[in-house]
Amino acid sequence: MTYQTVVSAQAVKSASKNQYFYLSGRQLANQLLGEDNEGLLSLSEYLNYFDYLRVLTNKTFILDGQSGFGNPLNTYNSIKKMENHGADIILLNDQQYPSHSRPDQQKPAELAELAGKLKAAIDAHDAENTDLWIKFDCWNQYSQTEKWERLELLSVLSLSDIVLNEDADKLDESSLNIHYFAADEQEFLN
Amino acid sequence: MRNFEKQRNEFNHLIYDKEILNIVVVPDALAAKVAEKAGFKAVFCAGYATSASTLGLPDRGILDFGEMYQKVKEIVAAVDIPVFVDGDTGYGDPENVARTIRCYEAAGAAGIFLEDQVWPKRCGHMAGKSVVPTEELEEKLRVAAAARRHDNFLIMSRTDSRQMYGLDEAINRSKRYKAAGADMIFIEAPESIAEMKIIADTFPDTPLMANMIEDGATPMATTKELEEIGFSFVVHPCALTYAQTYADEEVLTELHDTGRTTKTQKQMVTFDKFNHFVGLDELNQCDNQYSAEAMTDTLALIADKMKEEA
């Protein structure tokens, strides 16, 4: 299975059989707003666009949940909304709200806030039909202890899929499914 | 991905159950929540109310697919009960119908109806309607049945031909619509109880809808009376729109004239009751449950694990 980042219906319709799709908040903000800043795009705007793509295919769609669009309460409701609109996999990143696309603007959320958001996301989502992946945009900003804390948090919450940028400090953790990501191209590498 | 199987199954159960289903058109998400809390087992998202609430315009074919689609999504997201949707004419030709079906089904609707009026359409109880040839809706229904992804997404035909061509034509059209793939039948605007009985006698095994519109062409009957005639479900399409408009006018007149709501406040819901309808307590509880303070135990657990592993 390969991943294809899409922002158009034509791309979805012309895709090969064995593909997952990813609708990148960053790319959509660029397309709709002309700004390289995903945090400018609200969830409702993003989901209204996604609806055009979702109806074209039953294939797995990965949605960009950014940093939950607010606090844990917003995260809870965002997960519900994304599931209602047809998300199969939801990415939540570790940034403070509002989420940013450019690395120099990305600020990590405190551990307690991240824990609250992840717990809210887990409680909100329908585990049978939707997966949660955690995207560590700020991985290189953490100390070793902070990285360890976040990995322990995933362990405590039984979350096993993470997304790291291709230039992130490498991680050798057999208990996790690690997905590498090219931030500039907004493409999954594995 | 939420697949809304529960809502579709529930709606099928309600429609095919012997007991008549009493359903109300909700103009918006708030009304849908109030209906759910009041005990309605399903709600209806329809053009008359949506045209009024969204555009402030009559149901004359100005409201388009995109506006209805948005309303469907808002209402589906607000409630857990099934939402049945007015598909109007399908908003174009059979290709438009297929898209309408796919979008509404994906949005979580439990079913849809399609009608045989000429676009731009009119409310079924307005004068001056016209209908397309029977073959056109037959084709749309065949396309709709083929386009749906779940067999339990119910499709209802609606004919508006009674007003122009009489009951026999409306019944003959409905027979053809059923053969083309309609799961349920709706003959709009019969003009007497006797006509409603003829409809029920003609389609004893097909779910039938009755439309109870205040001041409309069809005589008003109670839910129990409609059940005894043989209808499977009854819809009240205008009650909330008219009630909301009445309330708006009363309150705004007093506000305009006196600058206060002394008189009309007695008719309003209270602050606490409104908060109940919109689920404030549940949201506050959710907010507290995942706050930084509430994460203390989780953080302590992480610290303990790190100590053990160090």
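Residues numbered from 1 in each chain as written. Chains lettered and ligands numbered in written order. Predicted model: local features only at pLDDT ≥ 70, side-chain atom pairs only at ≥ 80, totals over all residues. Heavy atoms only, no water.

- An unreviewed UniProt entry annotates chain B as Putative carboxyvinyl-carboxyphosphonate phosphorylmutase of Fructobacillus ficulneus.

### Considering the environment of Lys6(B)
For step 1, the next point in the chain: Secondary-structure assignment places Lys6(B) in helix α1 (residues 5-16).
For step 2, the next point in the chain: Residue classification places Lys6(B) among the exposed residues on the basis of a relative accessible area of 57%. (Helix = DSSP H or I, 4+ residues; strand = E, 2+ residues; numbered from the N terminus. Buried < 20%, exposed > 50% of the residue type's maximum accessible area, 1.4 Å probe, protein only.)

### Some details on the nonpolar core
For step 1, the next point in the chain: Counting 55 residues, the largest nonpolar core has Leu23(A), Phe61(A), Leu63(A), Leu118(A), Phe136(A), Leu154(A) and Leu164(A) as the members making the most contacts within it.
For step 2, the next point in the chain: The element that contributes the greatest number of residues to this core is helix α5 (residues 111-124) of chain A, accounting for eight residues.
For step 3, the next point in the chain: The residues contacting Leu63(A), other than those within four sequence positions of it, are Tyr22(A), Leu23(A), Tyr46(A), Leu47(A), Phe50(A), Met82(A), Ala87(A), Ile89(A), Ile90(A) and Leu91(A).
For step 4, the next point in the chain: Ranked by size, the runner-up nonpolar core spans 40 residues in total, among them Ala31(B), Val43(B), Ala144(B) and Ala182(B). (Core = buried A, V, L, I, M, F, W, Y, C linked by side-chain atoms within 4.5 Å. Contact = heavy atoms within 4.5 Å.)

### Structural notes on helix α11 (residues 239-258) of chain B
For step 1, the next point in the chain: Here α11(B) spans 28 Å end to end across 20 residues, near enough to the 28 Å set by a 1.5 Å rise per residue.
For step 2, the next point in the chain: Immediately downstream of α11(B), the backbone of Gly259(B) shows phi near 75°, a positive value. (Expected span 1.5 Å × (residues − 1).)

### Comments concerning the interface of chain B and chain A
For step 1, the next point in the chain: Residue-level contacts link 27 residues of chain B with 35 residues of chain A.
For step 2, the next point in the chain: When the buried surface of chain B facing chain A is broken down by residue, Met1(B), Tyr290(B) and Met306(B) rank first, second and third, together holding 30% of it.
For step 3, the next point in the chain: If you look at where chain B meets chain A, you find two salt bridges.
For step 4, the next point in the chain: A salt bridge links Asp51(A) to Lys73(B); its shortest N-O distance comes to 2.4 Å.
For step 5, the next point in the chain: If you look at where chain B meets chain A, you find 13 residue pairs in polar contact (both at pLDDT 80 or more).
For step 6, the next point in the chain: Taken together, the elements giving at least two residues each to the side of chain B that touches chain A come down to α4 (65-78), α5 (94-107), α13 (280-289) and α14 (296-309) of chain B.
For step 7, the next point in the chain: Ranked by residue count, the leading element in the side of chain B that touches chain A is α14(B), at seven residues.
For step 8, the next point in the chain: Classifying every residue of the side of chain B that touches chain A by side-chain character gives 16 nonpolar, three polar and eight charged. (Buried area = accessible area lost by both parts, 1.4 Å probe. Salt bridge = Lys/Arg side-chain N within 4 Å of Asp/Glu carboxyl O. Polar contact = N/O pair within 3.5 Å; in protein donor to acceptor, adjacent residues only side chain to side chain. Nonpolar A, V, L, I, M, F, W, Y, C, P; charged D, E, K, R; others polar.)

### With respect to empty space enclosed by the protein
It is the rolling of a water-molecule-sized probe over the atoms that shows where space remains empty.
Residues and elements named next belong to chain B.
For step 1, the next point in the chain: Scanning the entire structure with this criterion turns up five cavities of 30 Å³ or more.
For step 2, the next point in the chain: Of the volumes computed, that of the largest cavity is approximately 160 Å³.
For step 3, the next point in the chain: Lining the largest cavity are 20 residues, with Tyr48, Arg158, Glu188, Asn211 and Pro237 positioned closest to its centre.
For step 4, the next point in the chain: Residue classes in the lining of the largest cavity are distributed as twelve nonpolar, three polar and five charged.
For step 5, the next point in the chain: By volume, the second largest cavity amounts to about 60 Å³.
For step 6, the next point in the chain: Around the second largest cavity sit Ile185, Phe186, Ile187, Pro190, Met196, Ile199, Leu208, Met209, Ala210, Asn211, Thr218 and Phe231, which together line it.
For step 7, the next point in the chain: At the level of secondary structure, the elements contributing two or more residues to the lining of the second largest cavity comprise β6 (184-187), α9 (193-202) and β7 (209-211).
For step 8, the next point in the chain: Residue composition of the lining of the second largest cavity, grouped by class: ten nonpolar, two polar and no charged. (1 Å grid on protein atoms, 1.4 Å probe; cavity = no way out; pocket = protein on both sides within 12 Å on 5 of 7 lines; lining within 4 Å. Points joined across faces, edges and corners; volume = space filled by probe spheres on them.)

### Topic: the sheet that holds strand β3 (residues 83-86) of chain B
Residues and elements named next belong to chain B.
For step 1, the next point in the chain: Overall, parallel pairing links the eight strands, which are arranged β6-β5-β4-β3-β2-β1-β8-β7 in an open sheet. For this open sheet the edge positions go to β6 and β7, each flanked by a neighbour on one side alone. Within this sheet the neighbouring strands show an average axis-to-axis angle of 25°, counted without direction.
For step 2, the next point in the chain: Running at roughly 155° to strand β5 (residues 154-159), helix α8 (residues 167-180) makes contact with β5 and β6 of the sheet. (Pairing = 2+ DSSP bridges. Axes fitted to C-alpha atoms, helices over the stretch in contact; angles between N-to-C directions.)

### A look at the layout of surface pockets
For step 1, the next point in the chain: For the largest pocket, the calculated volume is near 1400 Å³.
For step 2, the next point in the chain: Lining the largest pocket are 47 residues, with Asn77(A), Lys80(A), Asn84(A), Ala77(B) and Ala78(B) positioned closest to its centre.
For step 3, the next point in the chain: Taken together, the residues of the lining of the largest pocket break down into 17 nonpolar, 13 polar and 17 charged.
For step 4, the next point in the chain: Two domains each put at least three residues into the lining of the largest pocket: domain 1 (5-237) and domain 2 (260-309) of chain B. (Domains from an automatic or database assignment.)

### Let's talk about the pairing of strand β4 (residues 89-93) of chain A
The two faces of the sheet receive side chains in turn, since in a regular strand these alternate between them.
All names here are of chain A.
For step 1, the next point in the chain: Most of β4 is tucked away: five of the five residues are buried.
For step 2, the next point in the chain: Burial of the side chains of β4 extends over both faces: Ile89, Leu91 and Asn93 are buried on one face and Ile90 and Leu92 on the other.
For step 3, the next point in the chain: For the crossover that starts at strand β3 (residues 61-64), traverses helix α4 (residues 72-85) and ends in the parallel β4, the hand is right-handed.
For step 4, the next point in the chain: Direction of pairing for β4 relative to strand β5 (residues 131-136): parallel, over a ladder of five bridges. (Right-handed = clockwise from strand over helix to strand, strands pointing away.)

### Here's the deal with the packing of aromatic side chains
Residue and element names in this part refer to chain B.
For step 1, the next point in the chain: One pass over the full model with this rule turns up 24 aromatic pairs over all chains.
For step 2, the next point in the chain: Taken together, a centroid distance of 5.3 Å and an interplanar angle of 20° make the contact between phenylalanine 11 and phenylalanine 84 stacked. Here phenylalanine 11, found in helix α1, pairs with phenylalanine 84, found in strand β3; they are 73 residues apart in sequence, far enough to count as distant. Of the two residues, phenylalanine 11 and phenylalanine 84, neither departs from the other in class, the shared state being buried. (Phe/Tyr/Trp six-rings, centres within 6.5 Å; stacked < 30°, edge-to-face > 60°.)

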